[in-house]
Amino acid sequence: MNLDRINRRGLVLLGCGKMGSAMLEGWLERGLLPQATWVIEPHPSDWLQGIAAKGLTLNGGMPEAPAVVLIAVKPQMMGAALPQIAGLGGGDTLIVTVAAGTTIATYEAAFGAGTHIVRAMPNTPAAVGRGITAITGNAATTPADLDLAEALLSAVGQVVRLEGEHQMDAVTAVSGSGPAYVFHLIEALAAAGEAEGLPAALAMQLARATVTGAGELAHRAPESAEQLRINVTSPGGTTAAALSVLMEPDTGFPALLRRAVKAAADRGRELGK
């Protein structure tokens, strides 16, 4: 990642909670200079204060025309946060936002329609460098803007580009909210193990290791998810017995996840209005 332009003109990070910290840590490891970084964060962590001691500007004055402003505050904080940086719009500064549910139109209203804006949806595995982030830009963004946003967001995992903002609610419902579905799967699998007579701690250890191990196998293996499932399913065996329940068309995983993802996408559309 070429950070020369950013190190020369500066990067402003609005919000440095878990997601902002994960990204900032990745950028610093890749060569972002603390002296080229401005962070606005009302509740700075000890880690962030340690970086500030090395030259990062924390809750101080802004650079005049930074290369990038990255917005990583919660949507409900947006009303209070955006006015602090509204003056940075209109030029060739790239505004990148990772806030859920806030539309590009909202940012164009705050910064001006000519501002270069990229909306991104990362997810929480970004905290361990294994996130996936979807990005889309407004009419003012250039291919170079999208390349820069992708380079920055790849510090915490994979990046995919969307056809347009109309796909963002579906992305939010699948990968943005998706980690919570997987964590709930771990909870439910452990509870089912308990119901079959396992001690709670052992059931949870088995469930966590199984889900994270299967996820890693899916990440590394060249086969499709369908083929990986087939590989572990002996005809007439125990796995097949379980899958006959999980894959039941009306009550199994397919129907349940369709309803869950639709509920999340519908809520995303409501929040975006």
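Residues numbered from 1 in each chain as written. Predicted model: local features only at pLDDT ≥ 70, side-chain atom pairs only at ≥ 80, totals over all residues. Heavy atoms only, no water.

This brings us to the side chain of threonine 115. Tracing the sequence through the fold places threonine 115 in the loop between helix 5 (104-111) and strand 6 (116-121). Here threonine 115 falls in the buried class, since its relative accessible area comes to 0%. At a separation of 3.0 Å, a polar atom in the side chain of threonine 115 contacts the main-chain carbonyl oxygen of glycine 112. Apart from the residues lying within four places of it in its own chain, the contact partners of threonine 115 are Gly89, Gly90, Thr93, Ile95, Asn138 and Ala140. (Helix = DSSP H or I, 4+ residues; strand = E, 2+ residues; numbered from the N terminus. Buried < 20%, exposed > 50% of the residue type's maximum accessible area, 1.4 Å probe, protein only. Polar contact = N/O pair within 3.5 Å; in protein donor to acceptor, adjacent residues only side chain to side chain. Contact = heavy atoms within 4.5 Å.)

Now for the pattern of salt bridges. Evaluated as defined, the whole model comprises nine salt bridges. The partner of aspartate 266 in a salt bridge is lysine 262, with the nearest N and O atoms 2.7 Å apart. Here aspartate 266 and its partner lysine 262 are both found in helix 12 (residues 253-272), four residues apart, which amounts to about one turn of the helix. In this structure, aspartate 266 and arginine 269 form a salt bridge, with 2.8 Å as the shortest nitrogen-oxygen distance. Highlighted residues: aspartate 266 and arginine 269, both in helix 12, separated by three residues, approximately one helical turn. (Salt bridge = Lys/Arg side-chain N within 4 Å of Asp/Glu carboxyl O.)

What follows concerns the side chain of serine 21. Looking at the secondary structure, you find serine 21 in helix 2 (residues 18-29). If we ignore the near neighbours within four places in the chain, the residues touching serine 21 are Cys16 and Trp47.

The next thing to look at is the pairing of strand 5 (residues 94-97). Side chains of strand 5 alternate between two faces, with Leu94 and Val96 and Ile95 and Thr97 buried alike. In this structure, strand 4 (residues 68-71) lies alongside strand 5, joined through four bridges in parallel fashion. In the strand pairing of strand 5, valine 68 is matched with leucine 94. Bridging between strand 5 and strand 6 involves four bridges; their strand directions are parallel. Residue pairing across strands places leucine 94 opposite histidine 116, the latter belonging to strand 6. Regarding the hand of the β-α-β motif, the stretch spanning strand 5, helix 5 and strand 6 is right-handed. (Pairing = 2+ DSSP bridges. Right-handed = clockwise from strand over helix to strand, strands pointing away.)

Before going further, it helps to spend a moment on the confidence of the model for the protein chain. With 100% of its residues at a pLDDT of 70 or more, the protein chain has an overall mean of 93. For the protein chain, per-element mean pLDDT is lowest for helix 4 (residues 78-81), which scores 82, and highest for helix 8 (residues 178-195), which scores 98. (pLDDT = per-residue confidence, 0-100.)

It is worth spelling out helix 5 at this point. Taken together, the buried positions of helix 5 are Ile104, Tyr107 and Phe111. Mapping the buried residues of helix 5 onto a view down its axis gives an arc of 60°, with all of them on the same face. The inward-facing, buried residues of helix 5 contact strand 4, helix 4, strand 5, strand 6 and strand 7 (131-137). The first or second residue beyond helix 5 is glycine 112, which carries a positive phi of 105°. (Arc of directions from axis to C-beta.)

All right, on to the nonpolar core then. In this structure, Ile6, Leu13, Met23, Leu24 and Trp27 are the most contacted members of the largest nonpolar core, which totals 34 residues. If you list the elements that add at least two residues to this core, you get strand 1 (11-14), helix 2, helix 3 (46-52), strand 4, strand 5, strand 6 and helix 6 (143-153). By size, the runner-up hydrophobic cluster in this structure holds 18 residues, among which are Leu14, Ala81, Leu88 and Ala99. (Core = buried A, V, L, I, M, F, W, Y, C linked by side-chain atoms within 4.5 Å.)

Another point: the packing of helix 8 against helix 9 (residues 200-220). Following both chains from N to C, one finds helix 8 and helix 9 inclined at 140°, their axes separated by 8 Å at the closest point. One way to sum up the angle between helix 8 and helix 9 is to call them oblique. Along this stretch, helix 8 crosses helix 9, giving a crossing that reads as right-handed. Here helix 8 contributes Val182, Leu185, Ile186, Glu187, Leu189, Ala190, Gly193 and Glu194 to the contact with helix 9, which in turn contributes Ala200, Ala203, Met204, Ala207, Arg208 and Val211. Of the residues belonging to the contact of helix 8 with helix 9, the class tally is ten nonpolar, one polar and three charged. (Axes fitted to C-alpha atoms, helices over the stretch in contact; angles between N-to-C directions. Parallel < 35°, antiparallel > 145°, perpendicular 65-115°, else oblique. Left-handed = near helix turned anticlockwise from the far one by under 90°. Nonpolar A, V, L, I, M, F, W, Y, C, P; charged D, E, K, R; others polar.)

Take the packing of helix 7 (residues 168-176) against helix 12 next. Close contact between helix 7 and helix 12 brings their axes to 8 Å; oriented N to C, the two are set at 135°. The pairing of helix 7 with helix 12 is recorded here as oblique in orientation. Helix 7 and helix 12 meet at a crossing whose hand is right-handed. Each of Asp169, Ala173 and Val174 in helix 7 lies in contact with helix 12, whose residues at this interface are Val261, Ala264, Ala265, Gly268 and Arg269. Of the residues contributing to the contact of helix 7 with helix 12, the split by class is five nonpolar, one polar and two charged.

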